Amino acid sequence: MLAEELLARKNLSKLVAGRLSDTVLLVRSEEEDALLDELRRMGHTPRVVR
Amino acid sequence: MSGDEVTADSVSESNGVEDPSVSSPPPQALPPLVAYVEALGKYPHAVAIIIATSLGLNDVRRRKNGLAETISEALAAPRAAERLILGLDHSSRLAIGIFALAEAYEWSTHGLFLTLQCLDVDVRDAIVPLLECGLIVLETKDEAEVLAWNPKLDPASWPRSVLRLFPGAMSSARTTLPLSEIPNSTDTVRLVRESDGLEPILRLAVLWQRVSEAPLRQTQSGLLYKRDRDRIEEDPALVGPIADAIEPLPDPAAFWLALGRSVGIIEAETGTERIIAAPATYWEDNAFHLPQMVASRWLSLTRWQEQGGAIAAETVGELALPNIRAACLLWLAKLEPDQWCGVEDLAAIFDRLAPGWARPLLDSVARDHLGGDLGGLEGILLGTGYQLGLIRLAEEVPSTRRVVQLSLLGRYVVGIGPPPPPRPTFDHFLFVQPNFEIIAYRQGLNPRMLGELGRFARWGRIGAALELVLSPASVYQSLEGGFSEPQLLEFLTKHSQRALPPGVAEAVRTWSSRRERVTYFASATLVEFASPSDLEAALVFWPTGRADPVRIADRLLLVEDESAIPFTRLRLAGSRDYRRAPEACLEVEADGVSLALDLGRSDLLVDAELARFADESRAGLRSDGRRRFVVTAASLLRGSTRGVSAATLSRWFPQRTGGPLPPAIRLLLAAATGTAPPLGTSRPIVVRTASAEWLDGLLQHPLTRPHLGDRLGPTAVIVPEESLETLRRVVEELGLKWESTEGPPTPLKRPTVGK
């Protein structure tokens, strides 16, 4: 459900390289900042594991 | 002095024009040992030989190269620097002790001269022995000046030069006090004042938090962008008035920025032009020593001073006042704990020893300042010195003069006293209100607690009491910094004077749980198994005790820590680093819409990429075993709803197929977007000739050329219908024969050549 919500966001779906499963999206590392910014703009508070 | 200060500089974000009212950036600092060897390497050979000989290196006279490294290695030998320092006289030990006091590896030559003069030390006696044994080296901007090096030490001949300390000598150098006595008073004093020393820690905590929220951007030359500079300068928590202030701090934003950079609480980000906050662990690692670190780094701040704040040092010269700070502390260190010294008395000492010490710049004419200037001295003692908790102030009885002495922290920093006892604290210093505001009383705080508070609550007003606010963003920031929700609630519960409002605890839990909804793995390893049963089998022998793998599909595992993968029990068929650029693994077939996947070069992403705008062929695998995908109008329509545009495909095809977007797919895209011009139909009239040569003639001749259209081949050309009769007439006038085939429309047969 959440993945669908993210993919429905045009600015975010552009950054998604692929969907590996219902709950896992794959992005390229160079898109990291843009992805996290967009998630935060959407009101999410992503946990970042480095 | 140190060169790694954040400047008070700014640059207009819109046009990049520097603001002339602020100073310019620091030069890129080299590691101390590298800078030392580099400076020594510029010495004339004869001077380097003098140094080497003084160190007992007698076999180096014939060596042309590598002397600097040899000297450096000799000084780095166990206890070599310590033995040299013990053999120095008092004035040289005092000079080298100033480097240790400020924990600085370099000091302006003019600045050190002024400091030594103020301490009643003969500059030549102090510096020459240090230069001759290599414990310090001279570095000038002009190499010719080094070549003309001589021990006469005329400061005027070395403008803008610095003296560099051999880094290995830092731990052996000790603070040495001046020999002369300082006027002191043991009379009764009253109204003794001493700051809690928390002000710099508090402001640095605010700075750390603000930079954590949004890094500061600098231009390539190190100037802060105006927007970031304004953000800092207008932040009331950072530059608001200090509650317990005797003398104001000018240009506080520049001061806290410079101090923050010096103590490493904010730092330049490697590979970018940004200034970022240190990791949250900085507080755990450094909180205990932070007051002492702040004091030391204050002594070496050269681009900010207590009168006038930050100024453009490079454009106007070197500031004089920063060099007085160390002299003040060393003179006050001569006092016994029960003795005091008048501020005017200290100014009188400086007036006598270094007339013109209060001049604004080191190389400016001092005539106007021969009478001394109490303002700068009061700024040092009662402004920064007081706020940093180094100076204690009192009123002398009965004269009512202001007298000062070193505090316990001040005596510790100078090295004449033990570490000050920890601040008395009490556990319940917080008021947490239902509206998420927090009031903290300074009396219960210490640097470590300040750091912890700032990790999860946003600093508001800084005064006698401190105001903070809890918010989703601040809690998220704390979780990202490694401060967990239980830690946060425990801190609040432990230190609140009343029970934590239930709404606050609930909100913190809610905000924290939201973070668990989306997890971003900055790097991970995906393990793809041949079949779901293989994956199940691997999980049976997967080692426990580390982060468990995450099953993300029936054949895929996501592993955070690659070292946890039991490679010895798996057969590795291939690996791919997904940080690398995608590989061309698809072949476009002749029809332009069919794509064949090379399994040997493909990756997990390509399936997902293809699924957005193509369908796997139902015809099964190709004869060579490759999977086939077909692009159709319907699949492109699906792609367009998922953000796959013509531009996206134009970038994707070269990456994945090694060739441009095929025309057949361009056609489909144009059709889907309605941008394709309509196709036209017509029945052309074709003239055929017996040979290409005749048609060449018709196309070249000025009478026939205007009536012919596009050439279709070697012997065929289109004739516009409206030109047909004219062409026929012209051809016949030229003496050529014209034959027409039968039936409408009348096509023309080959003309034949007449006489």
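Residues numbered from 1 in each chain as written. Chains lettered and ligands numbered in written order. Predicted model: local features only at pLDDT ≥ 70, side-chain atom pairs only at ≥ 80, totals over all residues. Heavy atoms only, no water.

### Points about the overall build of chain B
For clarity, the cut-off: Segments assigned H or I by DSSP are reported as helices when at least four residues long, segments assigned E as strands when at least two residues long, and all are numbered from the N terminus. Buried, partly exposed and exposed residues are distinguished by accessible area as a fraction of the type maximum, computed with a 1.4 Å probe on protein chains only: under 20%, between the cut-offs, and over 50%, respectively. Pairs of residues are marked as contacts when any of their non-hydrogen atoms sit within 4.5 Å. Throughout, the Shrake-Rupley method with a 1.4 Å probe supplies accessible areas, and for residues the shown protein chains are the sole cover considered.
Helix and strand content of chain B: 30 helices and 30 strands. Each of the 755 residues in chain B was classed as buried or not, and the buried ones make up 50%. A separation threshold of at least 6 residues defines the contact pool for chain B, and within that pool the share at least 24 residues apart is 64%. Per element, the accessible surface of chain B, about 35800 Å² overall, is 53% carbon and sulfur.

### Description of the overall build of chain A
Within chain A one finds three helices and three strands. Here chain A holds 50 residues, and 50% of them are scored as buried. In chain A, of all internal contacts separated by at least 6 residues, the share reaching a separation of at least 24 is 28%.

### A closer look at the packing of aromatic side chains
All names here are of chain B. How we decide: Each pair of aromatic rings taken from Phe, Tyr and Trp, with Trp reduced to its six-membered ring, is defined by centres within 6.5 Å and is described as stacked if the planes are under 30 degrees apart, edge-to-face if over 60, and tilted in the remaining cases. Put simply, a charge is over a ring when the Lys NZ or the Arg CZ is close to the ring centre, within 6 Å, and near the line of the ring normal, within 35 degrees.
A full pass over the atoms with the stated rule returns 14 aromatic pairs over all chains. Their ring planes at 65° and their centres at 5.4 Å tell us that F350 and W357 sit as a pair that is edge-to-face. Assigned by exposure class, F350 and W357 land together as buried. Pairing F613 with F653 gives two aromatic rings, centres 6.4 Å apart and planes at 50°, and the pair type is tilted. Here F613 is found in the loop between α25 (604-611) and β25 (615-616), whereas its partner F653 is found in helix α27 (residues 646-657), with 40 residues between them in sequence. With relative accessibility at 3%, the residue F613 sits in the buried group. In this structure, R217 is placed above the aromatic ring of Y225, and the distance from its NZ or CZ to the ring centre is 5.3 Å.

### Describing the confidence of the model for chain A
Going by this rule: By definition, pLDDT measures how confident the predictor is in each residue, and it falls between 0 and 100.
Within chain A, residue pLDDT values average 81, and 98% of them lie at 70 or more. Looking at the elements of chain A, mean pLDDT is at its lowest for strand β1 (residues 16-19) of chain A, recorded as 76, and at its highest for helix α3 (residues 32-41) of chain A, recorded as 86.

### What to know about the interface of chain A and chain B
Note the cut-off: Summed over both partners, the accessible surface that disappears when two parts come together, traced with a 1.4 Å probe, is what is meant by buried area. Salt bridge, as applied in this entry: a Lys or Arg side-chain nitrogen positioned within 4 Å of an Asp or Glu carboxyl oxygen. Gly falls in the polar group here, along with every residue not listed as nonpolar (Ala, Val, Leu, Ile, Met, Phe, Trp, Tyr, Cys, Pro) or charged (Asp, Glu, Lys, Arg). Note: two strands are recorded as paired if DSSP finds a minimum of 2 bridges between them.
With 27 residues of chain A in contact, the opposing surface of chain B contributes 28 residues. Together, R28, T45 and R47 of chain A form the three largest contributors to the area buried by chain A at its contact with chain B, with a combined 28%. In this structure, the connection of chain A to chain B is made through zero salt bridges. Looking at the side of chain A that touches chain B, the elements with two or more residues in it are α1 (2-8), β1, β2 (25-27), α3 and β3 (47-49) of chain A. Broken down by element, the side of chain A that touches chain B gets its largest block of residues, five residues, from α3 of chain A. Considering only residue class, the side of chain A that touches chain B consists of 13 nonpolar, seven polar and seven charged. Here β3 of chain A runs beside strand β19 (residues 519-521) of chain B; their pairing, made up of three bridges, is parallel. The partner of V48 of chain A across the bridge, within β19 of chain B, is Y520 of chain B.

### Brief notes about the sheet that holds strand β14 (residues 402-406) of chain B
Residue and element names in this part refer to chain B. What the four strands build is an open sheet, ordered β5-β13-β14-β12; its pairing is antiparallel. Pairing within the sheet leaves two strands with one partner each, and these edge strands are β5 (189-193) and β12 (341-342). Where β12 and β14 come together, two bridges link them in antiparallel fashion. From the neighbouring strand, C341 faces β14, where its bridge partner is V404.

### A word on the pattern of salt bridges
What the rule picks out here adds up to 39 salt bridges over all chains. Residues R41 of chain A and E38 of chain A are paired through a salt bridge, measuring 3.0 Å at the closest nitrogen-oxygen approach. Taken together, the residues R41 of chain A and E38 of chain A, both in helix α3 and three residues apart, mark about one turn of the helix. Judged by relative accessible area, which is 57%, R41 of chain A ranks as exposed. Note that R190 of chain B and E395 of chain B form a salt bridge whose closest N and O atoms lie 2.7 Å from each other.

### What to know about the nonpolar core
As a reminder, the rule being used: Take the buried residues of types Ala, Val, Leu, Ile, Met, Phe, Trp, Tyr and Cys, join any two whose side-chain atoms come within 4.5 Å, and each joined set is a nonpolar core.
Among the nonpolar cores identified, the biggest contains 161 residues, and I127, F350, W357 and W459 of chain B are the most heavily contacted of them. Sequence-distant contacts of F350 of chain B, defined by excluding residues within four places in its chain, comprise C118, I324, A327, C328, W331, P355, W357 and L377 of chain B.

### Some words on the packing of helix α16 (residues 324-332) of chain B against helix α17 (residues 343-353) of chain B
All names here are of chain B. We apply this condition: Between N-to-C directions, angles cover 0 to 180 degrees, with each direction set by a line fitted to C-alpha atoms, over the stretch in contact for helices. For a crossing to be left-handed, the near helix must be turned anticlockwise from the far one by less than a right angle; the clockwise case is right-handed.
Contact geometry of α16 with α17 gives a least axis separation of 11 Å together with a crossing angle of 120°. Between α16 and α17 the crossing geometry is right-handed. Contacts between α16 and α17 involve I324, A327, C328, W331 and L332 from the former and L346, I349, F350 and L353 from the latter. Residue composition of the contact of α16 with α17, grouped by class: nine nonpolar, no polar and no charged.

### Quick notes on the environment of A464 of chain B
All names here are of chain B. By the secondary structure assignment, A464 is in the loop between β17 (458-462) and β18 (465-469). Judged by relative accessible area, which is 58%, A464 ranks as exposed. Along the chain, A464 and I242 lie 222 residues apart, while their C-alpha atoms are 8.7 Å from each other. Non-local contacts of A464, meaning those with residues more than four positions away in its chain, are made with A243 and R442.

### Some details on the side chain of S161 of chain B
Residue and element names in this part refer to chain B. Going by this rule: N or O atoms within 3.5 Å of each other form a polar contact, as long as, within protein, one can give a hydrogen and the other can take it, and as long as residues adjacent in sequence are counted only when both atoms are side-chain atoms.
Within the secondary structure layout, S161 lies in the loop between α8 (143-147) and β4 (162-165). Relative accessible area serves as the criterion here: at 1%, S161 is assigned to the buried category. Here the side chain of S161 touches T109 through a polar contact of 2.7 Å, side chain to side chain.

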